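One-letter residues, chain by chain:
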Amino acid sequence: MLAIELLTSARALDMRDGGLDSSRSAPAVTAVRREIRKVVEGPGTDRYLSPEIEAVYILVDSGVLIEAVQQKLGSALN
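The notes below deal with the structure included here. Remember, it's a predicted structure, so these values are computed and weren't measured experimentally.

1. So, the packing of helix α2 (residues 27–39) against helix α4 (residues 64–73)
Working step 1: Running from N to C, α2 and α4 cross one another at 145 degrees; their axes reach a closest spacing of 8 Å. Taken as a pair, α2 and α4 cross one another with a handedness that is right-handed. Contacts between α2 and α4 involve P27, A28, A31, V32, E35 and I36 from the former and V64, L65, A68, V69, K72 and L73 from the latter.
Working step 2: The residue makeup of the contact of α2 with α4, split by class, is ten nonpolar, no polar and two charged.

Here it is in structure tokens:
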């Protein structure tokens, strides 16, 4: 479920912001979106989403997304 929520949130923010270079999102949010966009393309044509959900699940399970957030927030998480 978390992978689906992250995937759909990233898509919504991409559509709202017009891309990853927008300053409308917090740095930690942008870091997570960048990691997601490394493995899943942004909004586009209709397509089968199961592979994209699996790719984001792997990011969640591996801890890559938490690491991206921790790098942006640093000691604020401790």
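Having seen the model, we can carry on.
2. Some details on the nonpolar core
Working step 1: Counting ten residues, the largest nonpolar core consists of A3, L7, A10, V32, I36, V40, A55, V56, L59 and L65.
Working step 2: Contributions of two or more residues to this core are made by α1 (2–17), α2 and α3 (50–62).
Working step 3: Not counting the four nearest positions on each side in its chain, A55 is found in contact with V39 and V40.

3. Points about the environment of D14
Working step 1: Following the sequence through the fold, D14 ends up in helix α1.
Working step 2: Relative accessible area serves as the criterion here: at 10%, D14 is assigned to the buried category.
Working step 3: The spacing of D14 and I4 is ten residues in sequence and 15 Å in space, taken between C-alpha atoms.
Working step 4: Excluding anything up to four places from it in sequence, D14 contacts G19, L20, R33, R37, G42 and P43.
Working step 5: Among the polar contacts listed, one links the side chain of D14 to the side chain of R33, at a separation of 2.7 Å.

4. Examining the environment of S50
Working step 1: Relative to the assigned elements, S50 resides in helix α3.
Working step 2: Through-space distance from the C-alpha of S50 to that of R11 is 15 Å; in sequence the pair is 39 residues apart.

Here is what the cut-offs are and how they apply
Residues numbered from 1 in each chain as written. Predicted model: local features only at pLDDT ≥ 70, side-chain atom pairs only at ≥ 80, totals over all residues. Heavy atoms only, no water. Axes fitted to C-alpha atoms, helices over the stretch in contact; angles between N-to-C directions. Helix = DSSP H or I, 4+ residues; strand = E, 2+ residues; numbered from the N terminus. Left-handed = near helix turned anticlockwise from the far one by under 90°. Contact = heavy atoms within 4.5 Å. Nonpolar A, V, L, I, M, F, W, Y, C, P; charged D, E, K, R; others polar. Core = buried A, V, L, I, M, F, W, Y, C linked by side-chain atoms within 4.5 Å. Buried < 20%, exposed > 50% of the residue type's maximum accessible area, 1.4 Å probe, protein only. Polar contact = N/O pair within 3.5 Å; in protein donor to acceptor, adjacent residues only side chain to side chain.

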